[in-house]
Amino acid sequence: MRLPRPFLALTVALALLSVGAPSLAQSSADRLDEIEDQIAEKRARIDAAEDQAASILDQIADSDARLRRLNATLGELQSLLAEAQGRLAPVQAAFASAVARHRALVAELKRTEKELAAKIEVLGERAANAYRFGPGSYFDIVFTSSSFGDLIARQELASRVLLFDSALVDEIEATKARLNEQRIAARAARDEIKARRDELKDEVAGIAKLVEEQAALQAVLEQEIALREDALDDVESAKAAYEAAVADLQAESDRIRGIVQGGGSSGSGSSGGTFYWPTAGSITSGYGWRTHPIFGTQRFHSGVDMGGACGQPIFAADSGRVLANYWSDGYGLFTILDHGNGLSTAYAHQSSANVSSGQSVSRGQAIGAVGTTGWSTGCHLHFEVRVNGSPVDPVPYLT
C-alpha cells in the first residue's frame, strides 16, 4: 500500500527584517516607501508561514488518525498471526501422527505379505508331493502295511497330513483377508497424510501471507511516522519564526517605554476623565495575554485592536503633545502622545499621520488614518495606554 505524501513542506523562510526608526529628517517619500515595502514583505512571510503551518497541523491531525487506523490493523494482523501459529502446532502433530501410523501399517502389511508367501510356499510343496504320489498312494498304505497295527498307524498319519493341509488353506485364506484389511487401512492412512499435508500447507501459506502483510503495513506505518515528523519540524520552524517576530514586537514595546520614560511626563497616570474613542470601531481583540490559534504559544497584547476601514480617521484620545511619530517594523506607522502625569497613548498600523513630533494636539483631533502597516493582517487600529512607559489595559480609560 503506497500512500501519497500527505504534508506540505514550508517553502517560506522567515528572515526577520530589521527596520530602524529614522528621524523625521530622514522620512522622505522614497525612504518611507522602501520601509513600507520591507514591512509588507515581512508581513506576507508571516502570513504565509501561519497559513502553511495551519495546513500542516490539519494534515498532522489526519496523519494521527491514519496512524491509529494502521496500528489497529497491525494489531488485528498480529492477533490473526498468533492464532494461525497456534493452529500450526496441532496440525503438525496430526501430520506427524498420520505419517507414523502409515509407517506402522506398511510395516505390518509387509510382515503379513511375508507370512502369506511362506504359507503358500508350504501349501505348494504339499501339493507337489501329493501330485508325485498320485491317487494310489492311499491304497499303497493299505496293501503295503506289514500288520494291522502298522496299517492303523499309517492311516492316522495320512489323516493328519490331510487335516494339516486343510488347516493351512484356512490360515492362508484368513491371512489373505487380514492382508486385505491392512491394505485398506494403509490406503486410508495414506489419504489422511495427504489431507494433513494439505492442511499444513494451507496453514503455512496463511502464516506467510500474514507475515508479508505485517511487514508491508509496518513499512507504511514507518513512512507515515517519518512524514509526520517532517511536518512537525516544519511547524517548529514556522513557530520559531513567529516567536522571533513576537520578540521583535516586545523589543519595540520596550523601546516605546524608553521613549516615554526618556521624553515624556511622569506621575500617577490618572486622567481628567474618559478618553475620546480613538476611531469609529469596536474592540476586536482585548488587552493581555493571548494564545496563538495555530502555534499554541502565548504572547502579551499590549493594547486593544479596534476594527475599522483603511483611511478612516484616528483621533487623539486626550489633549497632549506628540512625543514620537515614526515607522516601526512591527507597529507600522506609529504615533505616541504624552498627556501629562505619566499618561501616554499610542496608535499603531496607521496608513498616514497628520502630526509630527513636538506638536500639541487637542482631545478628539484627527491625528492619522487607520491602516494595516507593520505586522498587521487587515485594516485596524492598535491602541495602547501607558503609565510611565508601561502598558496598561485601555478599557477603563475608554469607558
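Peer 1: Would you mind going over the overall build of the protein chain in detail, with residue names and values included?
Peer 2: Scanning the protein chain from terminus to terminus reveals four helices and 12 strands. For the protein chain, buried positions account for 38% of its 399 residues. In the protein chain, of all internal contacts separated by at least 6 residues, the share reaching a separation of at least 24 is 75%. If you sum the accessible surface of the protein chain, you get close to 21100 Å²; carbon and sulfur atoms cover 56% of it.

Peer 1: Please give an account of the state of the cysteines that cites residues and values.
Peer 2: Here, disulfide denotes a covalent bond that connects the sulfur atoms of two cysteines. Tallied over the full model, the rule gives one disulfide. A disulfide bridge connects Cys-310 with Cys-379, and the sulfur atoms are separated by 1.6 Å. On the sign convention where negative is left-handed, the bridge of Cys-310 and Cys-379, at about -85 degrees about the S-S bond, is left-handed. Of this pair, Cys-310 sits in the loop between β4 (304–307) and β5 (313–315) while Cys-379 sits in the loop between β10 (366–370) and β11 (380–387), placing them 69 residues apart in sequence.

Peer 1: Tell me what's going on with the pairing of β4, and back it up with residues and numbers.
Peer 2: Remark: a regular strand shows side chains that alternate across the two faces of the sheet. Going residue by residue along β4, you find Val-304 and Met-306 tucked away on one face and Asp-305 and Gly-307 tucked away on the opposite face as well. Taken together, the two bridges between strand β1 (residues 283–285) and β4 define a ladder with antiparallel strand orientation. Paired with Ile-283 across the strands is Met-306, a residue of β4. Where β4 and β11 come together, four bridges link them in antiparallel fashion. Bridge pairing in β11 links Gly-307 to His-380.

Peer 1: So what about the packing of aromatic side chains? Which residues, and what values?
Peer 2: Evaluated as defined, the whole model comprises seven aromatic pairs. Arranged with centres 5.5 Å apart and planes meeting at 25 degrees, the rings of Phe-275 and Tyr-397 form a pair that is stacked. Of the two residues, Phe-275 sits in the loop between α3 (148–263) and β1 while Tyr-397 sits in helix α4 (residues 395–398), which places them 122 residues apart along the sequence. Each member of the pair, Phe-275 as well as Tyr-397, carries the same accessibility label: buried. One aromatic cluster is present, formed by Tyr-287, Trp-289 and Phe-300 through successive ring pairs. Sitting above the plane of the Tyr-326 ring, Arg-255 keeps its charged end 4.9 Å from the centroid.

Peer 1: Requested: an account of a negative patch on the surface, with residues and values cited.
Peer 2: On the surface, Glu-229, Asp-230, Asp-233, Glu-236 and Glu-243 cluster together to form a negatively charged patch. Checked against the element boundaries, Asp-230 lands in helix α3. Overall, Asp-230 belongs to the partly exposed group, its relative accessible area being 33%.

Reading guide: rules and limits
Residues numbered from 1 in each chain as written. Predicted model: local features only at pLDDT ≥ 70, side-chain atom pairs only at ≥ 80, totals over all residues. Heavy atoms only, no water. Helix = DSSP H or I, 4+ residues; strand = E, 2+ residues; numbered from the N terminus. Buried < 20%, exposed > 50% of the residue type's maximum accessible area, 1.4 Å probe, protein only. Contact = heavy atoms within 4.5 Å. Areas by Shrake-Rupley, 256 points an atom, 1.4 Å probe, with all protein chains shown as cover. Disulfide = S-S within 2.5 Å. Pairing = 2+ DSSP bridges. Phe/Tyr/Trp six-rings, centres within 6.5 Å; stacked < 30°, edge-to-face > 60°. Lys NZ or Arg CZ within 6 Å of the ring centre and 35° of its normal. Patch = residues over 30% accessible without salt bridge, like charges linked within 9 Å, V, L, I, M, F, W, Y side chains within 5 Å. Salt bridge = Lys/Arg side-chain N within 4 Å of Asp/Glu carboxyl O. Lys, Arg positive; Asp, Glu negative; His and termini not counted. Charge placed at Lys NZ, Arg CZ, Asp CG, Glu CD.

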